[in-house]
Amino acid sequence: MNLSCVFCSVTAGVTDPGVCLAVNNEFVVFPALHQRPNNRGHMLLVPAGHFGGIADVPPEKAVPMLAALQVTTQAVKAAFGASGTTVRLNLGPPAQDIFHLHWHIVPRYVGDDFNSAKSTEVPLSERLQLTAKLGPALRQTSFGPSP
């Protein structure tokens, strides 16, 4: 954990307390600070430990990472009634603004104007509402068959 990293601060509950939901033992999800108007529910999937990029993730964390991505994507789609999702992983400059590994999971709808709509900063109160909406869907989404 690196509390000078904004995502480490969020996952520790120091910044924006209450926005994080645990996906599994190693990953949390929380609403993005900036959201497009027609895509409310844009979530960030973040490892609880600090990894700058995907090359920094130890191989034994790859399966929990992929499972967390799978579950979170299904939960976002269900919670926000989306017809699909966009999953984005930006690595390195200029694409990555915060150097803590994270995936963007965005609910998508037919005609949502995703590519041209501008995002705006969403207040903490609304992000807490988005977290509350995602919680039940995340709890209902299974990790698939047990080994």
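Presented here is an overview of the structure given in this document. (Residues numbered from 1 in each chain as written. Predicted model: local features only at pLDDT ≥ 70, side-chain atom pairs only at ≥ 80, totals over all residues. Heavy atoms only, no water.)

**With respect to the packing of helix H2 (residues 62-79) against helix H3 (residues 124-140)**
Here comes step 1: The geometry of H2 relative to H3 is characterised by a closest axis approach of 8 Å and an angle of 125° between their N-to-C directions. Viewed along their axes, H2 and H3 adopt a mutual orientation that is oblique. For H2 against H3, the interelement crossing comes out right-handed. Counting all contacts with H2, which are made through Val71, Thr72, Ala75, Val76, Ala78 and Ala79, the residues of H3 involved are Lys133, Leu134, Ala137 and Leu138.
Here comes step 2: Looking at the contact of H2 with H3 residue by residue, the class counts come to eight nonpolar, one polar and one charged. (Axes fitted to C-alpha atoms, helices over the stretch in contact; angles between N-to-C directions. Helix = DSSP H or I, 4+ residues; strand = E, 2+ residues; numbered from the N terminus. Parallel < 35°, antiparallel > 145°, perpendicular 65-115°, else oblique. Left-handed = near helix turned anticlockwise from the far one by under 90°. Contact = heavy atoms within 4.5 Å. Nonpolar A, V, L, I, M, F, W, Y, C, P; charged D, E, K, R; others polar.)

**As for the pairing of strand E4 (residues 43-47)**
Here comes step 1: Summarising burial for E4: five of the five residues are buried, a large majority.
Here comes step 2: The side-chain alternation of E4 yields two buried faces, one formed by Met43, Leu45 and Pro47 and the other by Leu44 and Val46.
Here comes step 3: Bridge analysis of strand E2 (residues 27-31) against E4 gives five bridges, and the strand direction is antiparallel. Note that in E4 the partner of Val28 across the bridge is Val46.
Here comes step 4: Both E4 and strand E6 (residues 103-108) contribute to a ladder of three bridges, which runs antiparallel. Looking across to E6, one finds that Leu44 is bridged to His104. (Buried < 20%, exposed > 50% of the residue type's maximum accessible area, 1.4 Å probe, protein only. Pairing = 2+ DSSP bridges.)

**Here we look at the pattern of salt bridges**
Here comes step 1: Tallied over the entire structure, the rule returns four salt bridges.
Here comes step 2: Where Arg127 meets Asp16, a salt bridge forms, and the shortest distance between an N and an O atom there is 2.7 Å. One end of the pair, Arg127, is in helix H3; the other, Asp16, is in the loop between helix H1 (6-11) and strand E1 (21-24), with 111 residues separating them in the sequence.
Here comes step 3: For Asp16, a relative accessible area of 22% gives the class partly exposed.
Here comes step 4: The salt bridge partner of Arg40 is Glu126, with a shortest N-O separation of 2.6 Å. Residue Arg40 is located in the loop between strand E3 (34-35) and E4, and its partner Glu126 is located in helix H3; the two are separated by 86 residues in the primary sequence.
Here comes step 5: Accessibility expressed as a relative area gives 23% for Glu126, which makes it partly exposed. (Salt bridge = Lys/Arg side-chain N within 4 Å of Asp/Glu carboxyl O.)

**A closer look at the nonpolar core**
Here comes step 1: Counting 23 residues, the largest nonpolar core has Val23, Leu45 and Leu134 as the members making the most contacts within it.
Here comes step 2: Of all elements in the fold, only E1, E2, E4, H2, E6 and H3 reach the threshold of two or more residues within this core.
Here comes step 3: Not counting residues within four places of it along the chain, the set of residues in contact with Leu45 comprises Val23, Phe27, Val28, Val29, Ala68, Leu69, Thr72, Leu101, His102, Trp103 and Ile105.
Here comes step 4: In terms of nonpolar packing, the next biggest core, distinct from the first, is built from 10 residues, Phe7, Cys8, Val19 and Leu44 among them. (Core = buried A, V, L, I, M, F, W, Y, C linked by side-chain atoms within 4.5 Å.)

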